[in-house]
Number of protein chains: 2
Amino acid sequence: MHSSAEENYLKAIYKLQEANGEMVATSALAQVLGIHMASVTDMLKKMSNKKLVAYQKSKGFKLTEKGRLAAISIIRKHRLWEVFLVDKLRFRWDEVHEIAEQLEHIHSQELIDKLDAYLDFPKADPHGDPIPDAKGIFAINKSVLLASLAPGSQGKFTGVTDHSSAFLNYLDKIGLSLGDSVKVKEVEEFDKNYTLLLKGKKSVVVSFKVANSLLISE
Amino acid sequence: MHSSAEENYLKAIYKLQEANGEMVATSALAQVLGIHMASVTDMLKKMSNKKLVAYQKSKGFKLTEKGRLAAISIIRKHRLWEVFLVDKLRFRWDEVHEIAEQLEHIHSQELIDKLDAYLDFPKADPHGDPIPDAKGIFAINKSVLLASLAPGSQGKFTGVTDHSSAFLNYLDKIGLSLGDSVKVKEVEEFDKNYTLLLKGKKSVVVSFKVANSLLISE
DNA sequence: AATAAAAATTAGGCAAGCCTAATATTACTG
DNA sequence: CAGTAATATTAGGCTTGCCTAATTTTTATT
Ligand SMILES: [Mn+2]
Ligand SMILES: [Mn+2]
Ligand SMILES: [Mn+2]
Ligand SMILES: [Mn+2]
């Protein structure tokens, strides 16, 4: 089995590859992990020996298929635990990430299978992030950023790209929850503020920064 | 916060103190942890510096009050998670220990509070072991070994002293579950076999070894 | 192409937790 | 009480995962 440190590297590399294309740089990984570059180089050599990453000295690296599957498995565990924390234990959606960071490292296939069943095989976590199935397959998700929509467009709020407590609490404050339908009423050309029509006809004005962190589907 | 290794030491020391009186020997701890004595001595010096144990070189050691409270907190987590695994996720009672060994090291007071509430504040784990409350207080438990009962005695099966899968599966096989009432019909003097009357009038003969691993209350 | 800046690696160290082998202490036994 | 056996500690090492400082490699700029 992999150590928690290795699992955190795998997850971080996976997410960097998702966001910025195939090859990952030592500096980028060091930055997201909050670890010095020398340490990252160290660890990558070890993970390369274990065939978890394909490492090209001074050039960058990427996950092997083995590493990719391992990473997806950690992400699956993280998101399932987040669902458990919110749906069953009644945590708020901005409180669960740190705890899930620990729970994702519990090693037991049986446990995660039973947890998945207990939660009724959820397809997304409390932040709208997709949960890969037991085989590591993500349901295809065709959501777009609200900031990319023209006035008059309408859709369902299905995810966030900013997972910070500050942002999540802001959404709570304006009364926007996952699954709500949202309509773009107006986009102010000058400052790119978005006027949205929420459910119950409530109208709210949000900044581009906010519009650019909301995922809309349908 | 304490490391998982420290927490395992604390729990093991606590249990040894419970079982064999105040002072614990290096060899005993090494044995239950499956670790060499030299390593135990090492760790104890560190834990002594942290005021978790009172350590007297070559004489033995015991938990400080700080250490005792920390140990009880781990035991509380372990047993609550075991309840979760059996009651919610439908694990069998012989499958949960190893997973709980991992889950008990998750650090979050909020989590354990909410889990406790979610499970409806259970007083005992799936093996009948008492769960200390949030303040570290155990409900007083006046159970006795079935092997100490005279023929004709009756009571409720409320715990085991042998937690092995082999034993737990044996109990499943003879149809004895926690909470069942049990009557001692006869004790064979020659081999100390116990003839028990289980619920539904089923009669079963068990060895002294078994009778001596069953806790009876009331 | 030369030079400077940025990125990456190497070298040397450290703390946590473990190990083996050697030594010291304590307990038991004749 | 001496002698041995059992317990315990010390000394020296190892792996993991991190660090700082020094050096090398790559990239960008003139
Ligand atoms: Mn998260
Ligand atoms: Mn999430
Ligand atoms: Mn247990
Ligand atoms: Mn138990």
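This one's a predicted model, so the numbers in the text were calculated from it and none came from an experiment. (Residues numbered from 1 in each chain as written. Chains lettered and ligands numbered in written order. Predicted model: local features only at pLDDT ≥ 70, side-chain atom pairs only at ≥ 80, totals over all residues. Heavy atoms only, no water.)

## Thoughts on the domain arrangement of chain A
A common way to report how large an interface is uses the accessible area buried once the components associate. In terms of domains, chain A is made up of domain 1 (4–63) and domain 2 (144–217). One C-alpha centre belongs to domain 1 of chain A, the other to domain 2 of chain A; they are set 34 Å apart. (Domains from an automatic or database assignment.)

## Here's the deal with the interface of chain B and chain A
Opposite the 20 residues of chain B that make contact, chain A presents 19 residues. For the pair chain B and chain A, the summed buried area comes to about 1600 Å², and 70% of that belongs to carbon and sulfur atoms. Our enumeration of links across chain B and chain A arrives at 0 salt bridges. On the surface where chain B and chain A come into contact, there are 5 residue pairs in polar contact (both at pLDDT 80 or more). Mapped onto the side of chain B that touches chain A, the elements with two or more residues apiece are helix 4 (65–88), helix 5 (97–103) and helix 6 (109–118) of chain B. Looking at which element gives the most residues to the side of chain B that touches chain A, the answer is helix 6 of chain B, with 5 residues. Among the residues making up the side of chain B that touches chain A, the classes are represented as 11 nonpolar, 4 polar and 5 charged. (Contact = heavy atoms within 4.5 Å. Buried area = accessible area lost by both parts, 1.4 Å probe. Salt bridge = Lys/Arg side-chain N within 4 Å of Asp/Glu carboxyl O. Polar contact = N/O pair within 3.5 Å; in protein donor to acceptor, adjacent residues only side chain to side chain. Helix = DSSP H or I, 4+ residues; strand = E, 2+ residues; numbered from the N terminus. Nonpolar A, V, L, I, M, F, W, Y, C, P; charged D, E, K, R; others polar.)

## Examining the relation of the copies chain B and chain A
Of the transformation superimposing chain B on chain A, the axial component is 0.0 Å and the angular component is 180 degrees, with the fit at an RMSD of 0.0 Å. Between the two chains, the operation in question is that of a two-fold axis. The position closest to the rotation axis in chain B is occupied by the C-alpha of Leu 103 of chain B, lying 3.8 Å away. The fraction of interface residues of chain B whose copies in chain A are also interface residues reaches 95%, indicating that both copies meet through the same surface. (Least-squares fit on C-alpha atoms with pLDDT ≥ 70 in both.)

## With respect to the coordination of the manganese ion (ligand 1)
All names here are of chain A. Bound to the manganese ion (ligand 1) are the protein donor atoms His 78 (NE2), Glu 82 (OE) and His 97 (ND1), situated 1.9 to 2.2 Å from the metal. We note that the donor set of the manganese ion (ligand 1) lies within a single chain, spaced as H-x3-E-x14-H. A separation of 3.5 Å is found between the manganese ion (ligand 1) and the manganese ion (ligand 2), which are bridged by Glu 82. Placement of the pair is Glu 82 in helix 4 (residues 65–88) and His 97 in helix 5 (residues 97–103), with a sequence separation of 15 residues. (Donors = N, O, S within 2.8 Å, 3.2 Å for Na, K, Ca; no water.)

## Remarks on the pattern of salt bridges
Inspection of every chain in the model, using the stated rule, returns 22 salt bridges over all chains. Arg 79 of chain B is the partner of Asp 125 of chain B in a salt bridge, and the nearest nitrogen-oxygen pair spans 4.0 Å. Taken together, the positions of Asp 125 of chain B in the loop between helix 6 and strand 3 (144–145) and Arg 79 of chain B in helix 4 put the pair 46 residues apart, joining distant regions of the chain. Taking relative accessible area as the criterion, Asp 125 of chain B reaches 4% and is therefore assigned buried. Residue Arg 79 of chain B is classed as buried on the basis of its relative accessible area of 13%. Counted as one network, the salt bridges with shared partners bring together Lys 11, Glu 101 and Glu 104 of chain A. (Buried < 20%, exposed > 50% of the residue type's maximum accessible area, 1.4 Å probe, protein only.)

## Description of the pairing of strand 4 (residues 154–160) of chain B
Alignment of strand 4 of chain B against strand 5 (residues 181–187) of chain B, held across 3 bridges, turns out to be antiparallel. Directly across from Gln 154 of chain B, in strand 5 of chain B, lies its bridge partner Lys 183 of chain B. (Pairing = 2+ DSSP bridges.)

## Examining empty space enclosed by the protein
The gaps left among the atoms become clear once a water-sized probe is rolled over them. Residue and element names in this part refer to chain B. Per the counting criterion, the structure on display carries 1 cavity of 30 Å³ or more. The computed volume of the largest cavity comes to approximately 30 Å³. Of all the elements in the fold, those that place two or more residues in the lining of the largest cavity are helix 4 and helix 6. Of the residues contributing to the lining of the largest cavity, the split by class is 5 nonpolar, 1 polar and 1 charged. (1 Å grid on protein atoms, 1.4 Å probe; cavity = no way out; pocket = protein on both sides within 12 Å on 5 of 7 lines; lining within 4 Å. Points joined across faces, edges and corners; volume = space filled by probe spheres on them.)

## Some details on the protein's contact with DNA strand D
Taken together, 21 residues are adjacent to DNA strand D, and Ser 3, His 36 and Ser 39 of chain A together with Ser 27 and Tyr 55 of chain B come closest. Taken together, the sugar and phosphate atoms account for 70% of what DNA strand D places within 4 Å of the protein. Between DNA strand D and Asp 42 of chain A there is a distance of 3.1 Å, counted from a base nitrogen to a side-chain nitrogen or oxygen. Contact between DNA strand D and Ser 27 of chain B: a phosphate oxygen at 2.6 Å from a side-chain N or O atom of the residue. Of all elements in the fold, only helix 1 (4–20) and helix 3 (37–49) of chain A together with helix 2 (26–33) and helix 3 (37–49) of chain B reach the threshold of two or more residues within the surface near DNA strand D. The biggest single contributor to the surface near DNA strand D is helix 3 of chain A, with 5 residues. Within the surface near DNA strand D, the residues separate by chemical class into 9 nonpolar, 8 polar and 4 charged. (Near = heavy atom within 4 Å.)

## With respect to the protein's contact with DNA strand C
Surveying the vicinity of DNA strand C reveals 20 residues, the closest of which are Ser 27 and Tyr 55 of chain A together with Ser 3, His 36 and Ser 39 of chain B. Sugar and phosphate atoms form 70% of the subset of DNA strand C atoms that lie within 4 Å of the protein. Here a phosphate oxygen of DNA strand C and a side-chain polar atom of Thr 41 of chain A are 2.8 Å apart. Within the contact set of DNA strand C, a phosphate oxygen lies 2.8 Å away from a backbone nitrogen or oxygen of Ser 58 of chain A. If you list the elements that add at least two residues to the surface near DNA strand C, you get helix 2 (26–33) and helix 3 of chain A together with helix 1 (4–20) and helix 3 of chain B. The element contributing the most residues to the surface near DNA strand C is helix 3 of chain B, with 5 residues. Partitioned by chemical class, the residues of the surface near DNA strand C number 9 nonpolar, 7 polar and 4 charged.

## Points about the coordination of the manganese ion (ligand 3)
Residues and elements named next belong to chain B. Protein coordination at the manganese ion (ligand 3) comes from His 78 (NE2), Glu 82 (OE) and His 97 (ND1), with a distance range of 2.0 to 2.2 Å. Along the chain, the residues that donate to the manganese ion (ligand 3) are spaced as H-x3-E-x14-H. In this model, the manganese ion (ligand 3) sits 3.4 Å from the manganese ion (ligand 4), the two metals being bridged by Glu 82. The class of His 97 is partly exposed, set by a relative accessible area of 34%.

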